[in-house]
Amino acid sequence: MRAAMRDDLPFPRTEVGKETEAYNFAYLDEQTKRMIRRAILKAIAIPGYQVPFASREMPMPYGWGTGGVQVTAAVLGPDDVLKVIDQGSDDTTNAVSIRRFFAKTAGVATTTKTREATLIQTRHRIPEEPLRDGQILVYQVPIPEPLRFLEPRETETRKLHALADYGLMHVKLYEDIARHGHIATTYAYPVEVAGRYVMDPSPTPKFDNPKMDMCAALQLFGAGREKRIYAVPPHTRVRSLDFEDHPFRIQTFKQPCALCGAEGGYLDEVVLDDRGGRMFVCSDTDFCEERRAAGHRGAMAADGDAAGETR
Amino acid sequence: MSIALAPGFTEPVFDAQRVFRAVMDATARPATVQPLATDLAPPAPLTPELAAVALALADHEAPLWLDAALAAVPAVAAYLRFHTGARIVEAPDEAAFALVAEPDAMPPLGAFAVGTDEYPDRSTTVVMAVRRLAAGQGLACEGPGILGRADIAIAPLPGDFLVQRAANRALFPRGVDCVFVAPGSVAALPRTTQILPEG
């Protein structure tokens, strides 16, 4: 926590809000930022490889996005526009608190609009709207090692990556098929990056895996507790592991979003009462709100449901 | 020595962020030329852009190596030591960042740290000051970060640079990463970038 109160760094007070005066820009001290920045550069140069870094204690518990927050803090500049999503939503606790954290410590502009953001920090979703060149997507990662639950020893997993020996992962997917008749892994679905490293895409639903492939945005991954940073450069092949006779498939939903009527999006189930009532709505709140603002209506949308109204 | 030390970044926090971001954009989009503005005035032959990259990224954990032209001027090492706190190492393969003022006279890429199979990130980033960086012509490049193909002209380069790069590419995931700075701009050819044979 010592980093929080450094006054010895020259601080152009004219450029940031009053609230930030007690903090260095974006909270982290400059030496920590340099260390993270060096790790980010190597991560981009070796797509999918997990670069160890000296993760710092942050003013939030592990599991609340400390890795993503440190990556964001190291990358963020005063002109960035920050969006934070938690399971696709801009308005849940984790997203709100991280957005406020950077509004307070960096004085940056924030937004809920995917289109307006230059940097998006995410917990477990990729926005439905295609990302564009120049945008940066920062993932919060709990367990960065895709082989960890198959091989607990770090020395061994490191060797497996060095040798590109990913047979174990295929065995795991095969056991899925043997047991369930299909590949039952639905989130944190392993991917191969640029034809070399097998990578954990963080616990995003496998629905989002195809969006990572040849994505125009730079994708950065930060795991705070596990102290790893990895990356996928823009326009890079990201292939979900599969078998010829059991090709990779994403989830599909039987009905469209109950609020905006979108088909082909990723839906959340919302329980409405204790008599089995439920609805399925877009997990990406910005996508859903934009569609409703454009006049789209789902089966359960209230009449005159104004854009931006909370559901 | 009674030389006055040239100043570092005017706004250390924001200048370092801007320089890093330019280098990051260049690394993420190999063979593109990114703007890199700096008001540094370091002792020659250290160029303002070389100094900017060093000041933004080097410190006591990330040693620097200087090529013969830079090492010949004690004021360069004094400037870098004071502003970064980085050790200046003699052996090129001990450096996190190698600063090169005369790329046509530098040691082969293989002389720098290439990392290990287990830790390929423990490799040197070679930062070369060149006179000319121009996108859309010159070397044809392919690889992660490049949509299809991208061309970049870089001069001067070591005579057998393409051969060295091909050898470096063959080491993947080990290898050195190259950053090029010219007045006002930066570009990068990370180890993943493949330079296509001419013709």
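Small disclaimer: the values here were computed from a predicted structure and weren't measured.

Student: Hey, could you run me through the overall build of chain B in this one?
Tutor: What chain B contains, in helices and strands, is five helices and 10 strands. In terms of overall size, chain B behaves like a compact globule, its C-alpha atoms giving a radius of gyration of 16 Å where 199 residues would be expected to give roughly 16 Å. When its C-alpha atoms are laid out on the principal axes, chain B stretches across 55 × 30 × 30 Å. When contacts within chain B are restricted to residue pairs at least 6 apart in sequence, long-range pairs at least 24 apart make up 68% of them. Accessible area of chain B: about 7,800 Å², with a carbon and sulfur share of 55%.

Student: Can you walk me through the interface of chain B and chain A in this structure?
Tutor: In many reports, interface size means the accessible area that the parts give up when they come together. Taken residue by residue, the interface counts 40 residues in chain B and 46 residues in chain A. Buried area between chain B and chain A, both sides added, is near 3,500 Å², and the carbon and sulfur share of it is 65%. For the interface between chain B and chain A, the tally reads six salt bridges. Its salt-bridge partner being B:Glu61, residue A:Arg38 comes within 3.3 Å of it at the nearest N-O pair. At the junction of chain B with chain A, the criterion picks out 20 residue pairs in polar contact (both at pLDDT 80 or more). A per-element tally of the side of chain B that touches chain A places helix H1 (residues 12-28) of chain B first, with 11 residues. Residue composition of the side of chain B that touches chain A, grouped by class: 22 nonpolar, eight polar and 10 charged.

Student: Looking at this structure, how should I read the sheet that holds strand E10 (residues 238-240) of chain A?
Tutor: Within a sheet, neighbouring strands are paired by backbone hydrogen bonds and run either parallel or antiparallel to one another. Residues and elements named next belong to chain A. An order of E7-E6-E10 is seen for the three strands of this open sheet, with the pairing classed as antiparallel. The open sheet has two edge strands, strand E7 (197-199) and E10, and neither has a second partner. Averaged over neighbouring strand pairs, the angle between their axes works out to 35° when direction is ignored. As judged from the three bridges shared by strand E6 (residues 191-193) and E7, these two strands associate in the antiparallel manner. Following the sheet pairing, Val191 is matched in E7 by Met199.

Student: Honestly, the pairing of strand E8 (residues 218-223) of chain A in this entry has me stumped. Any pointers?
Tutor: Residues in a regular strand project their side chains so that they alternate between the two faces of the sheet. All names here are of chain A. Summarising burial for E8: six of the six residues are buried, a large majority. Neither face of E8 is open: one carries Leu218, Leu220 and Gly222, the other Gln219, Phe221 and Ala223, and all of them are buried. Pairing of E8 with strand E9 (residues 228-232) involves five bridges; the strand directions are antiparallel. Within the sheet, the bridge partner assigned to Ala223 lies in E9 and is Arg228. Hairpin remark: E8 followed by E9, antiparallel, with four residues in the connecting loop; positive phi at Lys227, about 60°.

Student: Before we go on, may I ask you to explain the nonpolar core in this structure?
Tutor: Soluble globular proteins: nonpolar side chains tend toward being buried together. Formed by 96 residues in total, the largest nonpolar core has its most connected members in A:Ile40, A:Phe102, A:Leu220, B:Met24, B:Leu80 and B:Leu99. A per-element tally of this core places H1(B) first, with 10 residues.

Student: Got a minute to help me understand the side chain of A:Gln121 in this structure?
Tutor: Summarising the element assignment, A:Gln121 is placed in strand E4 (residues 119-123). In contact with A:Gln121, not counting residues within four places along its chain, are A:Gly65, A:Gly68, A:Val69, A:Thr72, A:Lys83, A:Val84, A:Ile85, A:Ile98, A:Phe102, A:Val138 and A:Gln140.

Student: For this particular structure, what's the right way to read the packing of helix H2 (residues 48-57) of chain B against helix H4 (residues 74-84) of chain B?
Tutor: Residues and elements named next belong to chain B. Following both chains from N to C, one finds H2 and H4 inclined at 30°, their axes separated by 9 Å at the closest point. By the angle class used here, H2 and H4 are roughly parallel. Crossing angle aside, the handedness with which H2 passes H4 is right-handed. Two secondary-structure elements touch here, H2 through Ala51, Ala54 and Leu55 and H4 through Tyr79, Leu80, His83 and Thr84. Partitioned by chemical class, the residues of the contact of H2 with H4 number five nonpolar, two polar and no charged.

Student: It is not clear to me how the domain arrangement of chain A should be interpreted in this structure. Could you clarify?
Tutor: All names here are of chain A. For chain A, the domain assignment lists domain 1 (2-145 + 191-240) and domain 2 (252-311). Between domain 1 and domain 2, the residue contacts involve 16 residues of the former and 10 residues of the latter. Summed over both partners, the interface of domain 1 with domain 2 buries about 1,100 Å², with 43% contributed by carbon and sulfur atoms. Interface area lost by domain 1 to domain 2 is led by Lys113, Glu128 and Phe207, which between them contribute 40%. Our enumeration of links across domain 1 and domain 2 arrives at three salt bridges. We note a salt bridge from Asp286 to Lys113, for which the minimum N-O separation is 3.8 Å. There are eight residue pairs in polar contact (both at pLDDT 80 or more) connecting domain 1 and domain 2. Grouping the constituent residues of the side of domain 1 that touches domain 2 by class yields three nonpolar, five polar and eight charged.

The rules behind the values
- Residues numbered from 1 in each chain as written.
- Chains lettered and ligands numbered in written order.
- Predicted model: local features only at pLDDT ≥ 70, side-chain atom pairs only at ≥ 80, totals over all residues.
- Heavy atoms only, no water.
- Helix = DSSP H or I, 4+ residues; strand = E, 2+ residues; numbered from the N terminus.
- Rg over C-alpha atoms; globule rule 2.2 N^0.38 Å.
- Contact = heavy atoms within 4.5 Å.
- Areas by Shrake-Rupley, 256 points an atom, 1.4 Å probe, with all protein chains shown as cover.
- Buried area = accessible area lost by both parts, 1.4 Å probe.
- Salt bridge = Lys/Arg side-chain N within 4 Å of Asp/Glu carboxyl O.
- Polar contact = N/O pair within 3.5 Å; in protein donor to acceptor, adjacent residues only side chain to side chain.
- Nonpolar A, V, L, I, M, F, W, Y, C, P; charged D, E, K, R; others polar.
- Pairing = 2+ DSSP bridges.
- Axes fitted to C-alpha atoms, helices over the stretch in contact; angles between N-to-C directions.
- Buried < 20%, exposed > 50% of the residue type's maximum accessible area, 1.4 Å probe, protein only.
- Core = buried A, V, L, I, M, F, W, Y, C linked by side-chain atoms within 4.5 Å.
- Parallel < 35°, antiparallel > 145°, perpendicular 65-115°, else oblique.
- Left-handed = near helix turned anticlockwise from the far one by under 90°.
- Domains from an automatic or database assignment.

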